[in-house]
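Examining the three-dimensional arrangement
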Amino acid sequence: QVQLVESGGGLVQAGGSLRLSCAASGRTFSSGRTFSSLNMGWFRQAPGKEREFVAHIGWSGSSSSILIADSVKGRFAISRDNAKNTVYLQMNSLKPEDTAVYRCAVFMGGLPYSTNGYDYWGQGTQVTVSS
């Protein structure tokens, strides 16, 4: 069974940066597909709020396959290293409102900014931005 494990979260002051990683353990998913053939996404959820789309990246990592939420556009970037089975979320110019648990997941189909299109969710990593 493939699992996704996020890391890189922590406490940072406003204006600071963090890089989150999402590593896939295991070689194939139940569909027989490997990590390098899958589109991936990052979401976040703050206390008392709905899970929010952050970023999506296609299997190739090409710029045309990348979607970034308006709320973080210009500050966050998504990338991947298929040789390491890892997707990254670079977060710059962090704001207190970015505080949330960040989770990655595999895109299964549908709308890339909707949680309904994703499966194999990781446990998440906490990001806390102090003012």
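Conventions used here
- For every chain, the first residue of the written sequence is number 1, and numbering continues from 1 onward in sequence order.
- Only residues with pLDDT of 70 or above have their local features reported here, since the model is predicted, and side-chain atom pairs are shown and tallied only from 80 upward, although totals for entire chains, interfaces and linings are computed over all residues.
- To obtain the side-chain values, all non-hydrogen atoms of the structure were included, while hydrogens and water were left out.
- Only runs of H or I of at least four residues qualify as helices and only runs of E of at least two qualify as strands under DSSP, and these elements are numbered from the N terminus.
- A pair of sulfur atoms, both from cysteines and within 2.5 Å, is called a disulfide here.
- Working definition: with a 1.4 Å probe on protein chains only, accessible area under 20% of the residue-type maximum means buried, over 50% means exposed, and in between means partly exposed.
- Any two rings among Phe, Tyr and Trp, with Trp reduced to its six-membered ring, count as a pair given centres within 6.5 Å; such a pair is stacked if its planes are under 30 degrees apart, edge-to-face if over 60, and tilted if neither.
- A ring has a charge above it when a Lys NZ or an Arg CZ is no more than 6 Å from the ring centre and no more than 35 degrees off the ring normal.

On to unusual backbone geometry. The residue N85 is not glycine, and still its phi comes out positive at about 55°. With respect to the helices, strands and loops of the structure, N85 is situated in the loop between strand 7 (76–81) and strand 8 (86–91). Phi is positive for Y120, which is not a glycine, with a value near 60°.

Here we come to the state of the cysteines. Overall, the coordinates contain one disulfide when judged by the stated rule. At a sulfur-sulfur separation of 2.0 Å, the disulfide partner of C22 is C104. An S-S torsion of about 70° defines the bridge between C22 and C104 as right-handed. Pair noted here: C22 is in strand 3 (residues 18–25) and C104 is in strand 9 (residues 100–107), with a separation of 82 residues, a long-range link. Judged by its relative accessible area of 0%, C22 is buried.

So, on to the packing of aromatic side chains. Centre distance and the angle of the planes are the two values used to describe a pair of aromatic rings. According to the stated counting rule, one finds five aromatic pairs in the structure shown. Taking 5.6 Å as the distance between ring centres and 70° as the angle between the ring planes, the aromatic pair formed by F43 and F53 counts as edge-to-face. Taken together, the residues F43 in strand 4 (residues 40–45) and F53 in strand 5 (residues 52–57) connect sequence positions ten residues apart. Overall, the relative accessible area of 12% leaves F53 in the buried class. Taking the centre distance of 5.2 Å and the plane angle of 65° together, the rings of F43 and W121 count as edge-to-face. Pair noted here: F43 is in strand 4 and W121 is in the loop between strand 10 (118–119) and strand 11 (125–130), with a separation of 78 residues, a long-range link. Here the aromatic residues F43, F53, F107, Y118 and W121 are joined through ring pairs into a cluster of three or more. The ring of Y88 has R19 lying over it, and the distance from NZ or CZ to the ring centre is 4.2 Å.

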